[in-house]
Every structure is written in C-alpha cells, then in structure tokens.
Amino acid sequence: EIHIKEPIEKEVNPRLLPGELLLCEANMVYKYIQEDGSNRGTYGKLICTNFKISFLDEDSASDDNEPQFKNKIIGENDITLQCVDQIYGVYDEKKKLLTGQLRKYPDKLIIYCKDLRVFHFCLRYTKEEEVKRIVSGIVHHSQTPKLLKRLFLFSYASAAPNNTDGRNQTVMFDTLEDWRDELERTKGNVKYKAVVTNEGYRVSEKLPLYFVVPICVSEENILKFQGRGIPIWCWSCHNGAALLKMSTFPKEQDDNTSQMQKAFLDGIYRTISNPPYELLKTEDLSSSLPSLQDIQTAYTRFKQLFLIDNSTDFWATDVKWFSLLESTNWLEIIRRFLKKAIEVAECLERQHSNVLLIEESATDLCCVISSLVQVMMDSYSRTKSGFQSLIQKEWVTGGHSFLDRCNHLHKNDKEEAPVFLLLLNCVWQLVQQYPPAFEFTETYLTVLSDSLYVPIFSTFFFNSQHQKDTNMTAESLKTQSGPFRFLTVWDWSVQFEPKAQALLSNPLYAEKPKPDKSQRKTTRFKHQRQLSLPLTQTKSSPKRGFFREETDHLIKNILGKRIGKFIINSSDEPHNSFREFYDSWHSKPVDYHGLLLPSIDGPEIKVWAQRYLRWIPEAQLPGGGTIATAAKILDLMEEVQSLQVKMDEEHSQAVSRDVQAVPMLRNSARLSSLFPFALLQRQSVKPALPTSTWKDLEDEDDLVKRDDEFVDLSGDMS
Amino acid sequence: MASSSTPKYNSNSLENSIKRTLKDGTNWEQNEEIPRLPGETRVTDKDVIYMCPFNGPVKGRVYITNYRLYLRSVETDPVVVLNVPLGVISRIEKMGGASSRGENSYGLDITCKDMRNLRFALKQEGHSRRDIFEVLTKHAFPQSHNLPFFAFANEEKFSENGWMVYNPMCEYRRQGLPNERWRVTFINEHYGLCDTYPSLLVVPYNATDDDLKKVAAFRSRNRIPVLSWIHPENQAVIMRCSQPLVGMSGKRNKDDERYLDVIREANGQISKLTIYDARPNVNAVANKATGGGYESEDAYPNAELFFLDIHNIHVMRESLKKLKDIVYPNVEESHWLSSLESTHWLEHIKLVLTGAIQVADKVSSGRSSVLVHCSDGWDRTAQLTSLAMLMLDSYYRTIEGFEVLVQKEWISFGHKFASRIGHGDKNHADADRSPIFLQYIDCVWQMSKQFPTAFEFNEQFLITILDHLYSCRFGTFLYNSEFVREKEKVTEKTLSLWSLINSEKSKFTNPFYTKELNRALYPVASMRHLELWVNYYIRWNPRIRQQQPNPVEQRYMELLALRDDYMRRLEELQITNNSKIPNSSASSASPSQMMSHVQTHF
C-alpha cells in the first residue's frame, strides 16, 4: 500500500547541460525510497535525455537542505546513460531483464547502476502512452548499440566550447616534452629515449604519438612489426632498473612469418640484455594472471552482491556473506594482482633487473601491474597529480581501450572487462593499509570510479589517442567555432565545488620533505627501505656479471638457438625470494615516502566499503565509520588554522578582534558512515535488525544440544 | 637511523645494556635484566631452544618465576624475547622421548589460552626437562598444587585503588535508584538467597522479601529476576535472571507469575513484558528434561517471549578452537573467507550483538521492560545485558564506566570466571571452560570499530583486560562469585586490574573520544561490517602488520599538541598586547614563520 501524498501537478523543469536534449518523459512516476518494506516514496517526472535518465522530484525544488558533497553535473536522481548497468521490468511481481524491443510494458522499473545505486520506479499511475515512451526510450538509449559520435561527449563539447586548459599539473603525456620530462624525473634518460616515430600514427594506431624505448632500438625495428615486439619503457627505478612492456605478435599460422618474428625478438632481447642494460626478466602476464574474462566474470558476480533490492535481500545474503564474497573470486583477483606487483617490485628493487611485462596488446593487465608497481615504488604516484599523470601515461595515452572495456557503446559485450576498476580496487587496498602515504582519499578513488560513466570528459571515452585525435580533428572542421576541446576528468572543478573537493585530499598526508639543496650532490635520494634491505642485494652484482659473460658466450657460439632460454622468466624464481623480500620489508617500520608493499594475507584484503556499501541503508552507521575520525581531524585542522589567523591578527594589532569565532564545527557524530554519498535525511532511529540469522550448525549437533552445565535441576524441586 | 649512530658507550640505553649482557654470557646469575614485579620470585632457569613458528629455532635461556616464563635469545640480533605470564598456560606436554631422533624433537609443548602455542626443545641428556616440566606445572597450575595465585603474592603499588571503582550503591544511585517503584534489598547480604548473586539487589518496590524467597524457589539456582538498568526517561528496565524451573510436567509458580507482572507494571506500562530467552528455541525446550524451561504463554499471558538463538558454551569453545586453527601459527592462505566462515566465530558475534540490539531497542523505544535470561543467567545473559547497557548508556563507554559495567554485570553477578577460564587449574579439557567473556570483549571491540569516536577507551584497553583475564596478577577475575571472593578476601589480599589501568589512563584513552550524552548506539550486526579482530587474534604473527602507533591517531595527537601550543602562544600574545597597548607589532616571532610551519603539515 502506498501512503498517497496528493501529487501536485507542478511543472518541474529539468536542468539540462549545454547540448543536452530532452528525448522523452513521463509524469506521475512514483519513486520508492529504498529503505524498508514500506512503499514510501515520492511522485515526480521521469525523463530521458541524450545524456541521462533523471527523476524530477516535486519536492526537490523546495529542498534547501544542500548536501555538503554534491556533484554539479549529476544529481542524486540522475543516471547517465553510460552508468546504467541493467534495467529490469516488474510484471505481476516477476522481474524480467529488459534489453531490446518490448512487447509488454511493466508496472515497475528497476534500474541498477554501475555506481551501484538502485532505483525503483512505479509506473502504475502513469499514463499508458507515457509508460511506453519512457520505458522504450530508456532501454533504447542506455542498452542498445550506439555510434561513437552519438556519445554526449560530442554534443556537449560543441555546445560548450571549453576554453579552460584544465591541465592543473597533471601531465597528459601527449607531447614529446612530457615524456622527456618523465625520463628526466626518473633518471631514465641515460638508457632510454623518447621517439617521434609514431607521428602521423605511422607505426600503429594503438600506440601513442610519442613513447619511450631503449636507446639501442632503431626506428626501423619499431616500424617493422607495427611496434609489436618492441620493449616500451614505463618507468625507471632509482637504481636504474626499468619497467618495460611489450605487446606480443598475434598467433601466426604461417611458419615463415613466425620464424621471422622469433628471430626479430631474439635480436631485440640480445640488444637489451647487453650492457649498459640490466639483467632482463620477462613476465608473461597473460599466463601468470587471471584473464580479462576471469576479471569480468568475477566482478559481475561481485557487484551483484551489492545491488540489493530491499532489506530482506540484504539480510538473506548476510548469513553466508563470506562464502558468497569468496565465490565471486574478486578479492582473490585483487590479491593476485597485488602479489604480482610485489614480485615485479622485488626484481626491480632488490635484484636490480629490468622487468619486461608481456601481454598481447600490452594495454590491459600491463597497465594494472605497471601502475601498481609505480604506486608502490614511486611516492610521486601517490600524490594527486602524480597519480593522475600515471593514469594518463599508462592508461589514457598508453592506449587502454576504455570504450570497449567499459562497453560504453554496447557494441560487443565480450570485450567488456573492468580492468581500470581493478586497478582502483587494488590502489584502495594500499590507501586503507597506509592512510598517511597518499595525498588523495578513498573518496577520491570512489568519485574517480564514478567518473568512468560521465560522458562529458574525454578521458575514459576513447580506445586510443589516435581515436581521440581523429575524432577531434573531424569535429573541429565541422564546428569551426573556436577551438574544439574536450574536458578532462582531472579538472575536478567541473564536478565539484571547492568545498566538496576538499574531501578528495587526505588530511593525514604529509608532503615529502624537500631534500636540502646543499646536499644535492649526493645523486640519488636513497630510500630508508632500500638501506634496510638484506645484504643479498650486493651479492646480485657478481651474479649479473657472470650472467652477462655467459650470455655473450652463448650468443657467439650457439647462435640461432632460442634466446628465451637464458632469459630468466621471473615466475620460475623460487618462491622464497619473494617471501623473504616481503617479510623483511614488513618487519621494518614504514617510510610513507619510500617503497610501500601491500599486505596480502587473507584478512588484509578487504571490500572497498565506501564504494560498494554506500547506497545501502542497512549498512549505514549513523555517527560511525572512518569518517567519524576523519571529521574530527578536519575539525581540529580548521581550529588550528583559525588560531593561526588570530595570532596573525594579534601580531598586526588588527581591529577586528573577537569577531572571528572558531568556525562551526562539523557535528561528526551526526555524519553517517556513508558520508559523503548517501544522505542521512532518511535515517530512522530504529536500529537495523537482521531478519534471518538462524543457521544450523550441522557439524556440531552434539555440542549444540548439550546444556551449559550438567546439573539436573529437577532434583532441586522435589 | 639516527639511533644506530649514537655512541655505543651511552650507558643509559637499554639496547646497549642488553648487548653487554650478551657478551658475557656466563654471568647469567647476576643478571638483573629480567623484568620482575614486586613479590615476584625467581624459581629456575635453563638453556633451551625456542621453536619459533615464524622464524625457526632460536637459542635462548628461559627463566621461570612464580609469575612468568621469560625467554631471551642468545646470539641473535635483534634479541628475541618472550614474556608470558604463567596464568595464560592452559596445557604443558612433553614432546619426544629420550630416544627421539631428529633435531629439536625433545622438549616441551605449551598451549596457551591467548591464541598461541610455545614449543621449547631441550637437551636429551640427563632427563633435563623433568625439573623444568615440574616447576612449570606447579606454578602454572597453582590451584592443582594447593598453592596460592600470584595475585596474593603481588606487592605492586599503584596510585589508584581499583577496588574503589565499583560501589553498587553509587552505581544504582547514578541510575536514580532507589525510587518510588524500585527498592534496594539486602535479603542476599550473606548470600542466603542466592550464593552466585551480589549481596545488594534492586527489585520492584511492590515485591516483599518474602515474595522474593518464593520466586527463588522457581528459578534455577535461585537467580531471581533483578534490575540491571533503568531507562532515565521512560523508566523501562532491563531485568536479568535464570530460567524458570518448569520441567517436563510444565510446572507453574503463582509467585513467579505475579512477580513478573509487578515488574511489568513498575514503569506504568500497559503493554506486555518482553522476555528474551538467549537460547535457541530447541535448547530451551530440551532444558525441560532437566527441570528447566521457559515462560509459557498460558502461565504468563502478559509476557511476550522471544528466543535469541545464541548457542551454548560448548559451541563457543569449539568455534574459538577452529578460529585458532586457521590463524595460528599460519594464517590460512587460500580460501581465507570461507575458512573464517566455517569457524562460525563472527556469526556467533553477530547473534550476540543482534540479541543485545533487540534488548536495547525494546527498552529505548519505551514500549516495554525486558527480562533477559538463558539457562543460568551468567553467560549469555551477562553478554546481552551488558551490551545492551553499553548501547543505551554512554557512561559505560567511558573507561571508568566500562570498569563498573564489567564489575557489575559480570563479576558481581557471578559469571563463573574461575570455571570458564580455568585459573590455575591443570584440567585443560574441562568442559566448563569457554571463551564467553572474550566473545563479549570482541563484541565491544566491534562496536568501537564501528563507532571510533564513541568510546573513551582504546583497543589497548580491551587487549589489556583480556591479557589479565588470564594472567592471575590481579584479583579482579579470580573465582566464580562474590561470595567466594569475600571468603578469600580478594579485595584485601590482591590488587585490582583497574588500579593498573587507572594509574596510567592516558595509555588506554582514545583521543577521538567525543562525549555524547543519551545517545543510543546501535552497531550494525551485519557480516558486511563485522571483522576479525586481527590485532588480538593474530597478534603473535609478525607478518600481520600492526600499525603501532596508529598513524591516524598519531596525526591527531600532533594536531592537538599544535593547537594547545597555539592557544598558549595566543594567550601570551594577548597579554603582551594588552599590557603595551599602542605599538607592539614589531615584537616577538614573525607570524609568517609560524604560518609556513603549519602549511608544511597539511
């Protein structure tokens, strides 16, 4: 039964962005408040535009209770078309997935979103005509294949010419200088060079315009197989060892071609295993890590655990929660990626060897591992701009197929895999294990993950730099009205007011102390960790020398034999060296600006509660959660700052004494653990009570039936 | 790094003194480096090999006193130290025989109550382990050897007297009792009514002492319904008791029925009295066979009964055993989550918390007073009432308030600490042992984890309580009831754990604590929020990171210090400015300097 609040026929105007067009609408739609079994909710208008699905609440206009953390582009009741995960229709209490053409129209619409929100709309009071139009409109625009040009990105960019530069310290890696600066920053410029070979995309449309290769690799080599089989530089470690990646050749039927490819690869390996290059270790990621398909399957199961219809669902799944979680395999995948990243870090840091990551396209698993390694080893990647630059370098410019992996265009479901989300989930593990080490907060990671589905930024809506460039050129010719430029997600002011942006910065983060200028001559900043590593590190150098001699010897004498044999595949390494590295690091105090290794033991890998539980009212802790302590720190920081202002005034003998009061303290006890996402306004005072808790302890039957004490009380009574 | 470069001859440094003693290993007898409490005496010492499950065999020397087992390694860097109160020892076994082959296969295997095992290898020659085995057994299990607990020999001095923390009269007065509906009775002054209850009880004003005696006949072990807590506003109460003696024949007792009605009426309510039976329904039914049972609807038409499905002490003991199997010595690598689930430990925690939330909510919503019982009312009942009180009354979330709560609901109301823990008793397989109090502290930890600003005490406080639950250094948790404690003169002859804690409160204080009065605090009893208390259950594993001190806490403390410093300086500035009224801008340190100081922090 519905507590019918007389719907007021009041015109609510949708808030549209430049270039946004209203496609269809329906009035008298009833949106349920997802809280309890009751059918509480509000009437309003449901619309669908070329950008979003939006519910226009009749009350919302009068709502002056502005939340502290508000997205300027996407409101509480807005769902971008790309954010829609699945749409279900309810027909006589039965749920049915809606995909293409509809014959019958449902009484109720349930929209599951990729940011894990769930919307329930009742259409029983809506005119039949409008139901047809809105349901087919929503399904069509959000669930069926689409042309790239029909992405809102393009209409928005042409309607709202963007003159802001939006770079804000993030290195975009779209110029040669950006790569040269990165080489210089990591002191990789001795052995590696940025090349212009791909200008005009002569080499490959998958590769960025500019990239970095070992100095000894010739232009001819790069061009030979469209950049395949070429080690491409990702990053150099403080000790000179480098992290490289390489895309492999597609499986070749023709024997001749595969012979040629093999010979080519042997040549490349030979060149880069020679001095001045370090010992080379290869890491074939496609054989040692879960596949894209595994990742996709795991995540699909995992997210389902959080897309909850109602309270009964929540408690029903609570009983077997841990085994349900485990059966998705998602946390195990996170663990395996973190473990692999530690292994790579060990090779670089302790064994001083170069690591070459190998994958067919080198744009999926390679991106996860290389980014994780850098986050762990390079404290710059743990600052906000450093992390953003890293995403630009490895993912955006690096050629990760965001469009296909997110399936933004619904072109091919088989290409879909949440690879970037996997990275964010892995980074979150580090963020929660080492709170002071990151300049950004988990909220930052959460809103970044949400931004994957906001098609006003170009960042996550192209498969490659080439695709973006060609489309941009075409559009510029068409519009001819000033420069055609897309927005980048790194311009956070587009989505958030400064006050909300403050929640993206970590108050616990302490900047790396600037090295004293007078000490600059000591070339490398040595990390504390590095100094405290076990002595085996020095032993590795004679071994390296020996290896090299052996290599030369072999090459001279048994030329033609597969060189792969004497390149160590790091997965063959004894497990012990990893364990020793891991344990020895963990037994020392943490240097938050040095090497950071995640703990990967079972209890340490956790569910990213903020992202996954944020919309579930049952999971809310009013006045609790980590936000409670974070808010206290922010309060205290404000107080300290205001004291500072007062002191300055005292110094300058300013007139306005006493006027400045301590700023209004946030009442931290009233913030919900779901802050800053779900709001507390709907909170009831009633505690959440499990509705299904009883579970049989089959295996302990005899114990269960026993009394606490073996005393026959009946004796007392006679 | 800086410390390693400090001159070696700094004689004050502890590190150096250890190194010195290591060098002349022959001088063991004069060694005074072993920590010793006043009243603690050396018994014996011996060269052993400590079979560390994490780092392999460690050569060392073990020292046994009447309080602890202390091991220090030799020839290792850093020095490995074990400091184990004998009270935590649950079982000592000999491993291997005189003819055992293989390295380090002959020695002692010690099972502890605090989630670890210790293994020492000894030399096989000359029955070398017999003495140490005997000495250890004697001092670890003093009750089985007619020896007193160490608590009676402990001569420590503290600035605070923990025995003064709990005064039942003061606590009831704090709750606004007695009042016109509730009275204090001394009927149990000499434990004549019930020998497992405290001497002072709060009962309905309208029930006479004679009534109480009649009710006692119908309640298991005479544990009659008495008041635990009263809501300051709506006057609804939490009552505790044991099961009614219904038996197979379905016996009734008019006095008990009337007594429950008197309780129901005491807060002026019209609705039914809510009875929470902590047991699963089937167990309550099964208890009839041994003379127990539950309140039937026929006999108690004005009461509503709910079962809370919490299992018995044996199930909890097995559950903890399984938990130990997956975390010690090695943390289960693969399938961690399903392994954890199969222990059911967190599921039990969830049920206990869920029960307590129901009790608290019922009272707080003001619709009804509640009566809580299980079988005897000293295990599950204590968990439920004390957790509900913690949720409803913010006083119990302070350090002192929590001490009062434990002292009242657990110690004075006869939770059988001696039987459940087996203090000083060699019978490690005793079926009476069960981690009920540990489970309760775990629930409290879960709450403090969910609400990090709501508790005045920190995690260390809870861990310290658990450590001394076993240590027998204090009298606090010794014996089963107030009656026995009085007989043994515990408050005169031993020290209270609260003396230790209250003498260094800052160590146990949560800096984030925000005092909030009258806010009901309901945890979310969902597996999504419950987690394994790694810092307790897996604390012996060096691979599990324990960030001590917690960086968030540390940062907050720094900011607090900075604020206090600024406030002091501001005050100074204001005084100087006020004294030399017109021109003083040139004086004192430059403000910009301070500004930059703070900014580097942010």
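From a predicted model like this one, the values you see are computed outputs, not experimental measurements.

## Description of the interface of chain A and chain B
And step 1. Contacts between chain A and chain B engage 91 residues on the former and 102 residues on the latter.
And step 2. Overall, the association of chain A and chain B removes approximately 8,700 Å² of surface from exposure, summing both partners, and the carbon and sulfur fraction of that is 58%.
And step 3. Per-residue buried area on chain A facing chain B is highest for Phe322, His651 and Asp708 of chain A; these three make up 9% of the total on that side.
And step 4. Summed over the shared surface of chain A and chain B, the number is 5 salt bridges.

## Side note on the sheet that holds strand 5 (residues 89–95) of chain B
Strand pairs in the sheet, formed through backbone hydrogen bonds, run parallel or antiparallel to each other.
Residues and elements named next belong to chain B.
And step 1. With antiparallel pairing, 7 strands are arranged side by side in an open sheet as 4-3-2-1-7-6-5. Where the open sheet ends on each side, the last strands, each with one partner, are strand 4 (81–85) and strand 5. Adjacent strand axes in the sheet meet at a mean angle of 30°, parallel and antiparallel pairs treated alike.
And step 2. In terms of strand pairing, strand 5 meets strand 6 (residues 107–112) through 6 bridges, oriented antiparallel. Its bridge partner being in strand 6, Ile92 is matched across the sheet by Ile110.

## A word on the sheet that holds strand 14 (residues 370–373) of chain B
Residues and elements named next belong to chain B.
And step 1. A sheet is described by the order of its strands in space; here 5 strands give the open sequence 10-11-14-12-13, paired in mixed fashion. Looking at which strands have only one partner, the edges of the open sheet turn out to be strand 10 (226–230) and strand 13 (303–307). Each strand axis lies, on average, 25° off the axis of its neighbour in the sheet, ignoring direction.
And step 2. Taken together, the 4 bridges between strand 10 and strand 11 (residues 237–241) define a ladder with antiparallel strand orientation.

## Regarding the UniProt feature "active site" (unreviewed entry) in chain B
All names here are of chain B.
And step 1. Under the local residue numbering, the UniProt record ascribes the feature "active site" (unreviewed entry) to Cys374.
And step 2. With respect to the helices and strands, Cys374 occurs in the loop between strand 14 and helix 10 (380–392).
And step 3. What makes Cys374 buried here is its relative accessible area of 1%.
And step 4. Ignoring anything within four residues of it in the chain, the contact list for Cys374 reads Cys241, Gln243, Asp277, Ala278, Arg279, Asp379, Arg380 and Thr381.

## Structural notes on the domain arrangement of chain B
Frequently, the measure chosen for interface size is the accessible area removed from exposure when the parts meet.
Residues and elements named next belong to chain B.
And step 1. Domain annotation of chain B identifies domain 1 (42–140) and domain 2 (168–451).
And step 2. The distance between the C-alpha centroids of domain 1 and domain 2 comes to 40 Å.
And step 3. Each side of the interface is counted separately: domain 1 has 11 residues, and domain 2 has 13 residues.
And step 4. Taken together, both faces of the contact between domain 1 and domain 2 bury some 990 Å²; the carbon and sulfur share is 57%.
And step 5. Our count for the contact surface shared by domain 1 and domain 2 stands at 0 salt bridges.
And step 6. Listing elements by their share of the side of domain 1 that touches domain 2, those giving two or more residues are strand 5 and strand 6.
And step 7. Along the lines of polarity and charge, the residues of the side of domain 1 that touches domain 2 split into 5 nonpolar, 3 polar and 3 charged.

## Let's talk about the environment of Phe314 of chain A
And step 1. The residue Phe314 of chain A is located in helix 8 (residues 311–318) in this model.
And step 2. What makes Phe314 of chain A buried here is its relative accessible area of 0%.
And step 3. Through-space distance from the C-alpha of Phe314 of chain A to that of Pro690 of chain A is 8.6 Å; in sequence the pair is 376 residues apart.
And step 4. Among all residues touching Phe314 of chain A, those that are not within four sequence positions of it are Ile308, Ile616, Glu618 and Ala619 of chain A together with Ser526 and Arg528 of chain B.

What counts and what doesn't
- Residues numbered from 1 in each chain as written.
- Chains lettered and ligands numbered in written order.
- Predicted model: local features only at pLDDT ≥ 70, side-chain atom pairs only at ≥ 80, totals over all residues.
- Heavy atoms only, no water.
- Contact = heavy atoms within 4.5 Å.
- Buried area = accessible area lost by both parts, 1.4 Å probe.
- Salt bridge = Lys/Arg side-chain N within 4 Å of Asp/Glu carboxyl O.
- Pairing = 2+ DSSP bridges.
- Helix = DSSP H or I, 4+ residues; strand = E, 2+ residues; numbered from the N terminus.
- Axes fitted to C-alpha atoms, helices over the stretch in contact; angles between N-to-C directions.
- UniProt positions renumbered as here; feature names shortened; annotations may be inferred.
- Buried < 20%, exposed > 50% of the residue type's maximum accessible area, 1.4 Å probe, protein only.
- Domains from an automatic or database assignment.
- Nonpolar A, V, L, I, M, F, W, Y, C, P; charged D, E, K, R; others polar.

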